[in-house]
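# Structural features, examined
Now for the letters of each chain:
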Amino acid sequence: MIFKDDTICAIATSMMDAGIGIIRISGDNALDHVDKLFISPSGKHNLKNFGTHTINYGFIVDEEENKIDEVMVSIMKAPRSYTKEDVVEINSHGGRLIMETIINLLIKTGCRLAEPGEFTKRAFLNGRIDLTKAEAVMDLIHAQNEFSMKNSELQLGGELFKKIDSIRKEVLYEMAFIESAIDDPENYDLTGYSDRLSEKNSSWISKIDSMIKNSDEGIIRKDGIKTVIIGKPNAGKSSLLNKLAGEERAIVTDIEGTTRDTIEETIKLDNIILHVIDTAGIRDTEDRIEQIGVNKAVKSADTADLILYIIDSTDDKLSDDERIKNIILNNNVIVLLNKNDISDKISITEDDIYKVYGSDIKVIKTSMVDDAGIEDLKKIISDMFFNGDILPKEEVYVTNLRQKEALIHAFESLKKVEMSIMDDMSEDFFSIDLMNAYSYLGEIIGQEVDEDLVDEIFSKFCMGK
Amino acid sequence: MVVDNFDVIVIGGGHAGCEAGLAASRLGLKTIVFTLSVDNIAFMPCNPHIGGSSKGHLVREIDALGGEMGKNIDKTYLQSKMLNKSKGPAIHSLRAQADKAEYSKSMKMIMQAQENLTIKQAEISEILFEELDKNKDSDLLTEGYERRVKGVKTVTGLIYEGKTIILCTGTYLKSRCLCGESISYTGPNGLQPSNLLSDSLIKGGVELRRFKTGTPARMDGNSIDYSKMEIQTGDTPVIPFSFDTDPDSIQKEQHYCYLTYTNEKTHEIIRNNIDRSPIYAGVIEGIGPRYCPSIEDKVIKFPDKIRHQVFVEPEGTHTNEMYIDGMSSSMPEDVQVQMYRSVPGLENCVIVKNAYAIEYDCLCSGQLYPTLEIKKIRGLFSAGQFNGSSGYEEAAAQGLYASINACMQILGKPYLSIDRSEGYIGVLVDDLVTKDNLEPYRMMTSRAEYRLLLRQDNADIRLRKKGYEVGLISEEKYQALLLKEKQIEDETERLKSIKLGANATVQKFMDEHNSPRLKTAVSLAELICRPELDYESLKDLDPDRPELSKEVIEQVEINIKYEGYIERQQRQVDKFRKTEKKIIPSEINYDDVISLRLEARQNLKKFKPKNVGQASRISGVNPADISVLLVYLENYNRQNKE
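What you see is a predicted model, and the numbers here were worked out from it, not measured in a lab.

### Describing the confidence of the model for chain B
- With 99% of its residues at a pLDDT of 70 or more, chain B has an overall mean of 94.
- Among the scores for the predicted complex, ipTM is 0.87 and pTM is 0.78.

What follows is the structure, encoded as structure tokens:
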């Protein structure tokens, strides 16, 4: 074993009260530690006599040999275990209190509480899982919603692998054919070949293209929708953020320009994650500090997936700011006609909005005082991004930016093959870009070694080491 | 009795041995070449041609490094052709029919005239080894050597001492020739085999195995009816192999080759007698080359093919023998007669020399360093068919490469290294060193990943500098190369910088050349990229162009026309170099890398790669193993840093 670190333990199942809970222990001394706490029905501490890959009935006892819980203990000796170290799993009754007691007993025997992801880190360092799987596990550890969890599981299970592998095999076949024909023209004929290749190439291009498009959705589903709230000062931006976040986050006052810097917040609406950026109000200002905030707001709007534009419906007129107009026309925007509760003072209506920004724009009347329109807002957001379906699909997405980049590279390489075919280049030129596509696809599924990935995983897994 | 001592002892006077002997003596080292027959130096026992797809590249690279093969074939060719001219420049390849007797005679004369070089006809029966001393040779022992060479002993008992030995034994070690049921214990063409050396090598710790290869019959030219065959002519003018040959000096009237085909009748004769083929009857133990198959292999492997090509090629000006390319065989001679006579044009053929298969001892994979030195034995190098390759060009390339490295070892200078992105020689050596080749290794275009960069036309630019650094290329030739490079660079720049406006003269020119009219100003380089235009045709629009050689113009044109492809290939090379730079510490214990699969672990232990790139090319090592290794190395390096 390379990593003769200490032995670690953790509760492997959820901390909620459940029927069964599992505590996992991994390391060279895993058996010793558990042996001290475990007695078989005969009352003996004899765990070390049991073979690997056995499940054993017995009891967990404390220092005074008092029975704490009735358990099943599984033994998986190195290297045939998840971490490639000796692993013991205690199946206990899932109560939070019981599990915490057992963990405390383990720590007393010399175990250390595992850090998040540490079992996987050991599995990775011991070569148990390959790089893409390690990457998916990292995603799983950092998963923030059901979708990304499910997707990570699907990647682990090899759905992504199968999809990409099948394209890759076809590419390989064509490369091999071209190579064979170059070396053995007597037995492999290239007449009419570019037409045949062109057909296949187009089908790969369209498959990869749809994976790239899906990956946008996948990335949004996993990392959340980058949402920017803009509007004139005091239109109610910070109040909206607080409504969505359910707590006082931004400083809300009646004084214009209270929010000087951008404030960021991650909010979970049902199954959608929003990364919300609250900006300073957009207006011409003399105040230098606030000016920086306004510029930041415009800048954040440029990179946003979604913009929530809040208008104070009691204002006398709609902003004619060109900067705002540009942002509105070029992005996914929902207009919130706010302060709808002050009905006697309303001067800006939906029609006014349609007049300025066109009739396709989505408008909701809201009030931050009585929560009017908040449910509508949620529905519109989920419609916009997920066609009303915010539950995880059984489809696998490339949700990782590195993988997406590799997909794009593969796509571009195949486009180059298409160009070479159109330019009537001789077949030996096709191989260069086919080879590139092949290796980029390989990087996604770990069939091609991407050294940068090793570095990246190390930096994420082993910070400070 | 110790007769003499040498710096370099070469065993064998074939294509590997000739290059090895010449290179070492030209580097000023005292060299001897032992051959079983001085009359058969640089003998071509099989096909009568040099070059061909990818092998032509090797010959050019040999020439760029300072070898002799290209110059010798330029002097002695009968017909020459640039193959694949309709394809991209990467797979253009020169191939020349040789006058076998002249080729051999000419090479022998070059060697006899070479200073520092002795030629001796003798069979070497023994290599003399010396075990390394724990105290005196501790450095070599740490490097993994166990013994060193001391010299050789001839069958008549004479001892020649030597600092290094280069084994170029070709197909002569314990060779036997098979023709149906008839077996003769000789080397090729009835020559004497070398029966004693194998045992001495085995004693020295070298592992050997059996390979086989074959050759077709030679026909009496007077018995062939050429009117039933297609005539194959050479190029006019002929392009020389050597960068130093003046093209004008070698133009001459060329011989014809002929093309005919086998037919169903031929295949039926073969199928009816397949049980009498020693390969199919299980008599031959050696494994033959897949890519140079016998006619019986082709008939069995491609049952749907109704015919196979047969080229009829001259063997020389002083013989009427014709070589029947495409129909090598180990069938009994009575079957051969029927088989050949079923081919159009060969109905009445008279066989001068029958076809046969030959079996011989050669080196098992995994025993070579990238210098072509045999692991564990300091000073013992090997090249050519002994290393498991096939072909004259492959042999010559290794002979040159191994010899340069033997010399560098003696001179204490850095070894010559050519990687896969620098030359076909690099691909050849790397494949021989890292792969578990199960059959004779033949060079092929598809083995080179970066072939757009490894063209036959730029072999001098790729490798001449290396030849200069080791000392085989003269200062004068090196300066000429630098000038050529400068001219290519300047002219490429000039063509990119000169812009043509859309004026009447230019538009008229475009119309005349069926090229679209200009919409905006474009550079001359952009025009060269148009498929219908080239450097030559643009000369009227480019009155100030400098006077340049054809070779320079060719490079400029390729660089411009294929710029995008060349750049993309270059990026692939950059990526490749990155893993070549990831060094695997020599002290690494693969048993500690727990998740390697068994096969990968065994092969990594056996081949002992120097870097991750090499490791990734070893047979039986897959990308998952490389990931495991990378993770291990990263962790290993981090822990050792602390």
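### Here's the deal with helix α9 (residues 333-341) of chain B
Residues and elements named next belong to chain B.
- When α9 is considered as a whole, its buried residues turn out to be V335, Q336, M339 and Y340. For α9, the angular spread of the buried residues around the axis is 125°, confining them to a single face.
- Summarising the contacts, the buried residues of α9 are in contact with β10 (176-179), β13 (218-220), α7 (264-272), α8 (295-301), β17 (321-325) and β18 (351-353).

### Re the packing of aromatic side chains
- With the rule as written, the count across this model stands at 14 aromatic pairs over all chains.
- Judged by centre distance (5.9 Å) and plane angle (65°), the ring pair of Y145 of chain B and Y369 of chain B falls under edge-to-face. Linking Y145 of chain B in the loop between α5 (138-143) and β8 (147-154) with Y369 of chain B in the loop between β19 (356-363) and β20 (377-378), this pair joins segments that are 224 residues apart in sequence. There is no split in this pair, since Y145 of chain B and Y369 of chain B are both buried.
- With centroids separated by 3.8 Å and ring planes inclined at 10°, the aromatic side chains of Y468 of chain B and Y478 of chain B adopt a geometry described as stacked. Highlighted residues: Y468 of chain B in helix α12 (residues 459-470) and Y478 of chain B in helix α13 (residues 475-497), separated in sequence by 10 residues.
- Ring-pair connections join several aromatic residues into one group, and the members of that group are F177, Y188 and Y193 of chain A.
- Positioned above the aromatic ring of F6 of chain B is the side chain of K30 of chain B, whose terminal nitrogen or guanidinium carbon lies 4.9 Å from the ring centre.
- Above the ring of Y261 of chain B, the side-chain terminus of R307 of chain B is found at 3.5 Å from the ring centroid.

### Comments concerning the pattern of salt bridges
Residues and elements named next belong to chain B.
- Applying the stated criterion across every chain yields a total of 69 salt bridges over all chains.
- Between R148 and E130 there is a salt bridge, with the nearest N and O atoms lying 2.8 Å from each other. In this pair, R148 sits in strand β8 while E130 sits in strand β7 (residues 124-131), placing the two residues 18 residues apart along the sequence.
- For R148, a relative accessible area of 22% puts it in the partly exposed group.
- Accessibility expressed as a relative area gives 29% for E130, which makes it partly exposed.
- Salt bridges here are not isolated pairs; linked through shared partners, they connect R420, D430, D431, K435, E449, E580 and R617.

### Some remarks on α12 of chain B
Residue and element names in this part refer to chain B.
- Over its 12 residues, α12 runs 17 Å from end to end, which matches the ideal 16 Å to within 8%, given 1.5 Å per residue.
- Burial in α12 covers these residues: A459, D460, R462, L463, R464, K466, G467 and V470.
- The inward-facing, buried residues of α12 contact α2 (55-65), α10 (392-411), α11 (424-434) and α13.
- Remark: G471 follows α12 within two positions and exhibits a positive phi of approximately 110°.

### Topic: the interface of chain B and chain A
- Chain B puts 41 residues into the contact, and the matching count from chain A is 40 residues.
- Taking both partners together, chain B and chain A bury about 3,600 Å²; carbon and sulfur atoms supply 53% of that area.
- On the chain B side of the contact with chain A, Y565, I594 and V631 of chain B bury the most area, a combined 17% of that side's loss.
- Across the contact surface, chain B and chain A share 4 salt bridges.
- A salt bridge links E427 of chain A to K87 of chain B; the nearest nitrogen and oxygen atoms lie 3.1 Å apart.
- Linking chain B to chain A there are 14 residue pairs in polar contact (both at pLDDT 80 or more).
- If you list the elements that add at least two residues to the side of chain B that touches chain A, you get α17 (563-581) and α20 (623-641) of chain B.
- Among the elements that make up the side of chain B that touches chain A, the one with the highest residue count is α20 of chain B (11 residues).
- Split into classes, the residues belonging to the side of chain B that touches chain A amount to 15 nonpolar, 14 polar and 12 charged.

### Here's the deal with the packing of α7 of chain B against α9 of chain B
Residues and elements named next belong to chain B.
- Axis separation between α7 and α9 bottoms out at 8 Å; the angle between their running directions is 165°. Classified by the interaxial angle, the pair formed by α7 and α9 is roughly antiparallel. Note on packing geometry: the crossing formed by α7 with α9 is right-handed. Of the residues in α9, those touching α7 at T266, I269 and I270 are V335, Q338 and M339.

### What to know about the confidence of the model for chain A
Residues and elements named next belong to chain A.
- With 72% of its residues at a pLDDT of at least 70, chain A reaches an overall mean of 77.
- When the criterion is pLDDT under 50, residues 247-255 qualifies, and its contacts beyond four places in sequence or with other chains add up to 21 contacts.
- A low-confidence stretch, residues 388-394 stays under pLDDT 50, and its non-local contacts, those more than four residues away or across chains, total 19 contacts.

### Some words on a nonpolar patch on the surface
All names here are of chain A.
- A contiguous nonpolar patch, built from I55, Y57 and M72 and spanning about 290 Å² of accessible area, is present on the exposed surface.
- Here M72 lies in strand β5 (residues 67-76).
- Look at M72 and you get partly exposed, because its relative accessible area is 35%.

### Quick notes on the pairing of β5 of chain A
Residues and elements named next belong to chain A.
- Two strands pair when backbone bridges link them, and strand β4 (residues 54-61) and β5 are joined in this way by 8 bridges, in the antiparallel orientation. Across the sheet, residue I60 finds its bridge partner in β5, namely D69.
- Hairpin connection, β4 to β5: the antiparallel pair is bridged by 5 residues, and E65 has positive phi, about 65°.

### Quick look at the environment of L438 of chain B
Residues and elements named next belong to chain B.
- Along the chain, L438 turns up in the loop between α11 and α12.
- Taking the relative accessible area as the measure of exposure, L438 reaches 59% and is therefore exposed.
- A sequence separation of 227 residues divides L438 from F211, and the C-alpha atoms of the two residues are 8.8 Å apart.
- For L438, the residues in contact, after removing those within four places along its chain, are R209, F211 and I287.

### Things to note about the sheet that holds strand β12 (residues 208-215) of chain B
Residue and element names in this part refer to chain B.
- The strand order across the open sheet formed by 4 strands is β11-β10-β19-β12, and the pairing between neighbours is antiparallel. Lying at the two open borders of the sheet, with one neighbouring strand each, are β11 (182-184) and β12. Between one strand axis and the next, the sheet turns through 25° on average, direction left out of account.
- Relative to β11, β10 runs antiparallel, the two being bridged by 3 bridges. By the bridge assignment, L178 is partnered in β11 with I183.

### Observations concerning the domain arrangement of chain B
- For chain B, the domain assignment lists domain 1 (2-214 + 360-470), domain 2 (218-357), domain 3 (475-568) and domain 4 (582-641).
- Computed from C-alpha atoms alone, the centre-to-centre distance between domain 3 of chain B and domain 4 of chain B is 48 Å.

### Some thoughts on the sheet that holds strand β5 (residues 93-98) of chain B
All names here are of chain B.
- The antiparallel open sheet is built from 3 strands, whose spatial order is β3-β5-β4. Among the strands making up the open sheet, the edge pair consists of β3 (49-51) and β4 (77-83). Across this sheet, the average inter-strand angle for adjacent strands is 20°, counted without regard to direction.
- The sheet contact formed by β4 and β5 spans 6 bridges and is antiparallel. Directly across from K81, in β5, lies its bridge partner R95.

### As for the pairing of β19 of chain B
Residues and elements named next belong to chain B.
- β19 sits mainly inside the fold: 8 of its 8 residues count as buried.
- The pairing of β10 with β19 spans 3 bridges and is antiparallel. Residue pairing across strands places R176 opposite E359, the latter belonging to β19.
- As paired strands, β12 and β19 are joined by 8 bridges and run antiparallel to one another. Looking across to β19, one finds that T213 is bridged to I358.

### Points about the side chain of N47 of chain B
Residue and element names in this part refer to chain B.
- Among the structural elements, N47 can be located in the loop between β2 (31-35) and β3.
- Taking relative accessible area as the criterion, N47 reaches 17% and is therefore assigned buried.
- A distance of 3.0 Å separates the side chain of N47 from the side chain of H49, its partner in a polar contact.
- Not counting residues within four places of it along the chain, the set of residues in contact with N47 comprises K100, Y323 and Y392.

### Let's talk about unusual backbone geometry
- For the peptide bond that leads from A78 of chain A to P79 of chain A, omega is 0°, which places it in the cis range.
- Along the chain, P79 of chain A falls in the loop between β5 and β6 (87-93).
- The linkage connecting T236 of chain B with the following residue, P237 of chain B, adopts the cis geometry, with an omega of -10°.
- Along the chain, the position of P237 of chain B falls in the loop between β14 (230-232) and β15 (257-261).
- Phi at N84 of chain B is positive, roughly 60°, even though this residue is not glycine.
- Topologically, N84 of chain B is positioned in the loop between β4 and β5.
- Judged by relative accessible area, N84 of chain B falls into the partly exposed class, the value being 25%.
- Of note, the phi angle at N514 of chain B is positive, near 50°, even though the residue is not glycine.
- For N514 of chain B, the location among the structural elements is in the loop between α14 (504-512) and β23 (522-523).
- You can call N514 of chain B exposed: its relative accessible area is 69%.

Thresholds, definitions, all that
Residues numbered from 1 in each chain as written. Chains lettered and ligands numbered in written order. Predicted model: local features only at pLDDT ≥ 70, side-chain atom pairs only at ≥ 80, totals over all residues. Heavy atoms only, no water. pLDDT = per-residue confidence, 0-100. Buried < 20%, exposed > 50% of the residue type's maximum accessible area, 1.4 Å probe, protein only. Helix = DSSP H or I, 4+ residues; strand = E, 2+ residues; numbered from the N terminus. Arc of directions from axis to C-beta. Contact = heavy atoms within 4.5 Å. Phe/Tyr/Trp six-rings, centres within 6.5 Å; stacked < 30°, edge-to-face > 60°. Lys NZ or Arg CZ within 6 Å of the ring centre and 35° of its normal. Salt bridge = Lys/Arg side-chain N within 4 Å of Asp/Glu carboxyl O. Expected span 1.5 Å × (residues − 1). Buried area = accessible area lost by both parts, 1.4 Å probe. Polar contact = N/O pair within 3.5 Å; in protein donor to acceptor, adjacent residues only side chain to side chain. Nonpolar A, V, L, I, M, F, W, Y, C, P; charged D, E, K, R; others polar. Axes fitted to C-alpha atoms, helices over the stretch in contact; angles between N-to-C directions. Parallel < 35°, antiparallel > 145°, perpendicular 65-115°, else oblique. Left-handed = near helix turned anticlockwise from the far one by under 90°. Patch = residues over 30% accessible without salt bridge, like charges linked within 9 Å, V, L, I, M, F, W, Y side chains within 5 Å. Areas by Shrake-Rupley, 256 points an atom, 1.4 Å probe, with all protein chains shown as cover. Pairing = 2+ DSSP bridges. Domains from an automatic or database assignment.

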